[in-house]
Amino acid sequence: MKDSRSGHGAYVRKVQEGTQSFTHDLLGELERLHVLVASLQVEKETLHDKTRGIQQVLSANEALRALAASLEAEMNRLHEQVVTLRAANERYEGEHAQLSAQLDRTRAESQSYSSRYAEIETQNSNLANLYVASYRLHGTLDRKEVIDTLQEIIANLIGSEEAGLYELDEHMQTLELIASFGLAPDAQRSVPLGSGRVGQAARSGEIFVAKPATSEADGGLNACIPLKLDGKVTGAVAIYRLLPQKSGFEEVDRELFELLATHAAMALYCTSLHARLRAQEVAR
Amino acid sequence: MKKKILCVDDSRTALFMVTTILKKEPYEIVTAHDGQQAVEVASAERPDLILMDVIMPRMTGFEACRELKQREDTKAIPVILVTTRGEEENVETGFASGCNDYVTKPINAQELLAKVRDHIASREEAP
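The rules we used
- Residues numbered from 1 in each chain as written.
- Chains lettered and ligands numbered in written order.
- Predicted model: local features only at pLDDT ≥ 70, side-chain atom pairs only at ≥ 80, totals over all residues.
- Heavy atoms only, no water.
- Contact = heavy atoms within 4.5 Å.
- Buried area = accessible area lost by both parts, 1.4 Å probe.
- Salt bridge = Lys/Arg side-chain N within 4 Å of Asp/Glu carboxyl O.
- Polar contact = N/O pair within 3.5 Å; in protein donor to acceptor, adjacent residues only side chain to side chain.
- Helix = DSSP H or I, 4+ residues; strand = E, 2+ residues; numbered from the N terminus.
- 1 Å grid on protein atoms, 1.4 Å probe; cavity = no way out; pocket = protein on both sides within 12 Å on 5 of 7 lines; lining within 4 Å.
- Points joined across faces, edges and corners; volume = space filled by probe spheres on them.
- Nonpolar A, V, L, I, M, F, W, Y, C, P; charged D, E, K, R; others polar.
- Core = buried A, V, L, I, M, F, W, Y, C linked by side-chain atoms within 4.5 Å.
- Buried < 20%, exposed > 50% of the residue type's maximum accessible area, 1.4 Å probe, protein only.
- Pairing = 2+ DSSP bridges.
- Right-handed = clockwise from strand over helix to strand, strands pointing away.
- Axes fitted to C-alpha atoms, helices over the stretch in contact; angles between N-to-C directions.
- Parallel < 35°, antiparallel > 145°, perpendicular 65-115°, else oblique.
- Left-handed = near helix turned anticlockwise from the far one by under 90°.

### Considering the interface of chain A and chain B
Then, in step 1: Opposite the 24 residues of chain A that make contact, chain B presents 19 residues.
Then, in step 2: Of the roughly 1800 Å² buried between chain A and chain B, counting both surfaces, carbon and sulfur atoms make up 57%.
Then, in step 3: Seen at the junction of chain A and chain B, the total is two salt bridges.
Then, in step 4: For Glu-145 of chain A, the salt bridge identified is with Arg-12 of chain B, shortest N-O distance 3.1 Å.
Then, in step 5: Where chain A packs against chain B, one counts 10 residue pairs in polar contact (both at pLDDT 80 or more).
Then, in step 6: Mapped onto the side of chain A that touches chain B, the elements with two or more residues apiece are α1 (2–137) and α2 (143–158) of chain A.
Then, in step 7: Counting residues per element, the side of chain A that touches chain B draws most heavily on α1 of chain A, at 11 residues.

### Here's the deal with the layout of surface pockets
Then, in step 1: The calculated volume of the largest pocket comes to roughly 470 Å³.
Then, in step 2: Lining the largest pocket are 24 residues, with Lys-246 and Glu-250 of chain A together with Pro-106, Ile-107 and Asn-108 of chain B positioned closest to its centre.
Then, in step 3: Looking at the lining of the largest pocket, the elements with two or more residues in it are α1, α2 and α5 (251–283) of chain A together with α1 (12–22) and α5 (109–125) of chain B.
Then, in step 4: At four residues, the largest contribution of residues to the lining of the largest pocket is made by α1 of chain A.
Then, in step 5: Per-class residue counts for the lining of the largest pocket are seven nonpolar, 11 polar and six charged.

### Details of the nonpolar core
Then, in step 1: Judged by nonpolar contacts, the single largest core of 54 residues is most densely connected at Leu-137 and Ile-239 of chain A together with Leu-22, Leu-112 and Val-116 of chain B.
Then, in step 2: Tallying contributions element by element places α5 of chain A first for this core, with nine residues.
Then, in step 3: Formed by 21 residues, the second largest nonpolar core is a distinct cluster that contains Val-54, Phe-62, Ala-64 and Val-79 of chain B.

### Let's talk about the pairing of strand β5 (residues 101–104) of chain B
All names here are of chain B.
Then, in step 1: Pairing geometry for strand β4 (residues 79–83) and β5, over four bridges, is parallel. By the bridge assignment for β5, Thr-83 is matched with Thr-104.
Then, in step 2: Once the chain exits β4 it traverses helix α4 (residues 88–96) before rejoining the sheet at β5, and the crossover so formed is right-handed.

### Thoughts on the packing of α1 of chain B against α5 of chain B
All names here are of chain B.
Then, in step 1: Viewed as axis vectors pointing N to C, α1 and α5 meet at an angle of 65°, and their least axial separation amounts to 10 Å. With respect to each other, α1 and α5 are oriented roughly perpendicular. The handedness of the crossing between α1 and α5 is right-handed. Between α1, through Val-18, Ile-21 and Leu-22, and α5, the contact on the second element is made entirely by Ala-109, Leu-112, Leu-113 and Val-116.
Then, in step 2: Of the residues belonging to the contact of α1 with α5, the class tally is seven nonpolar, no polar and no charged.

### A short note on the environment of Pro-226 of chain A
Residue and element names in this part refer to chain A.
Then, in step 1: Position of Pro-226 relative to the elements: it lies in strand β5 (residues 223–229).
Then, in step 2: For Pro-226, a relative accessible area of 1% gives the class buried.
Then, in step 3: For the pair Pro-226 and Ile-207, spaced 19 residues apart in the sequence, the C-alpha separation amounts to 6.2 Å.
Then, in step 4: Each residue touching Pro-226, except ones within four places of it in the same chain, is listed here: Ala-201, Ala-202, Gly-205, Glu-206, Ile-207, Val-233, Gly-235, Ala-236 and Ala-261.

### Considerations on the sheet that holds strand β1 (residues 163–169) of chain A
Residue and element names in this part refer to chain A.
Then, in step 1: Taken in spatial order, the six strands make up an open sheet running β3-β2-β1-β6-β5-β4, and their pairing is antiparallel. Looking at strand neighbours, the two that pair on one side only are β3 (190–192) and β4 (208–209), the edges of this open sheet.
Then, in step 2: As paired elements, β4 and β5 share two bridges and run antiparallel to each other. Considered in β5, the bridge of Phe-208 is made with Cys-224.
Then, in step 3: Across the sheet, α2 lies against β1, β2 (174–181) and β6 (232–239), angled at about 70° from β2, the strand it touches most.
Then, in step 4: On top of the sheet, α5 reaches β1, β4, β5 and β6; it is set at about 45° to β5, its chief contact.

### A look at the pattern of salt bridges
Residue and element names in this part refer to chain A.
Then, in step 1: Evaluated as defined, the whole model comprises 24 salt bridges over all chains.
Then, in step 2: In this structure, Lys-232 and Glu-170 form a salt bridge, with 3.1 Å as the shortest nitrogen-oxygen distance. Residue Lys-232 is located in strand β6, and its partner Glu-170 is located in the loop between β1 and β2; the two are separated by 62 residues in the primary sequence.
Then, in step 3: Its relative accessible area of 45% is what places Lys-232 among the partly exposed residues.
Then, in step 4: Residue Glu-170 is classed as partly exposed on the basis of its relative accessible area of 49%.

### Quick notes on empty space enclosed by the protein
Then, in step 1: One pass over the full model with this rule turns up two cavities of 30 Å³ or more.
Then, in step 2: One number sums up the size of the largest cavity: a volume of about 40 Å³.
Then, in step 3: Along the walls of the largest cavity sit Leu-150, Gln-151, Ile-154, Ala-163, Gly-164, Leu-165, Ala-179, Ser-180 and Phe-181 of chain A, which together make up its complete lining.
Then, in step 4: Where the lining of the largest cavity is concerned, the elements lending two or more residues are α2, β1 and β2 of chain A.
Then, in step 5: The class makeup of the residues in the lining of the largest cavity is six nonpolar, three polar and no charged.
Then, in step 6: Approximately 30 Å³ is the volume found for the second largest cavity.
Then, in step 7: Looking at the second largest cavity, the residues that line it are Cys-7, Val-8, Asp-9, Val-18, Leu-51 and Val-82 of chain B.
Then, in step 8: Its residues assigned to classes, the lining of the second largest cavity comprises five nonpolar, no polar and one charged.

This is how it looks when you write it as structure tokens:
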């Protein structure tokens, strides 16, 4: 019985020891599991954070995709706009080239009109000179006024400060000075026909013009205009020194010479005729 | 209203030439035959511009210009002298007498018209 009791006690102790050991092991295991749970909890937290980060990245990515899509759409729109603008630009360049060409043509036309206008203005001015000369010469039957007018034409329209007006003495075959301005008092008052430039011009009936204008040669004679009526020389205009600002004769001066050649002769002749008629009337 | 221009010259041919040129434009022309008459006409007519020869009897263009520029009623009227000699001393004498500009004989129609237009326009712009 004693043996059975001691056997039973040993058994209980053994069981107790086993149980204690098991409990101890269980507690160890429990502790390990606790640690494991804690570590898993941390890992779970980490994973949760990572998941949240990934979700953020994904949503950012989505936003970027949307942005990229909108940018692409904008780019396409701009591209279309560029194409349209290029076409418009090409059209405008074409129009610009056309307008440039038109502008060049207009400029050329304008220049041509301007030079034509200047030409016409010069012609007008020349005609005015001729008109004034003719009008003034034929505006009177007074000999003195015709002679004064002739001198005024030479001074104001031709631009001379020294000139002499000669009339032909048919009997003596000389040119007699009837009026002058600017000439020295000892100027040749009587020129034999054919003598010197003035006499030669009067004999030939041809207008003499010094080339270039001179102040020395032929006694400073710049031009000599024989006055002619019905092809017959009746006198001469001798033009000596020109005004300082006048460097030479122009086309209008030559036209004035032509006009003076006939109109001055006629005007002077008319005054003589008129004077004769008046004298006859008085004599009656 | 037409602008009035007083043309002064003792030479009837020169005066006729100037008026013929100016008649192409819408100007009213009045004339005088010497400096003294020019001063009288300018005072009575108050032209917008005076175009005056230099060498004239009774009163030269220089003297008339001085007189016009001294008178209260005519001093603002621009004067263009028409000189026979365009040498520097003549031009200086002209400007010393108070003239605003000058042209030389023989008259160039385009030059004359340009100067006349300029001076009339300047007078219009003046306050």
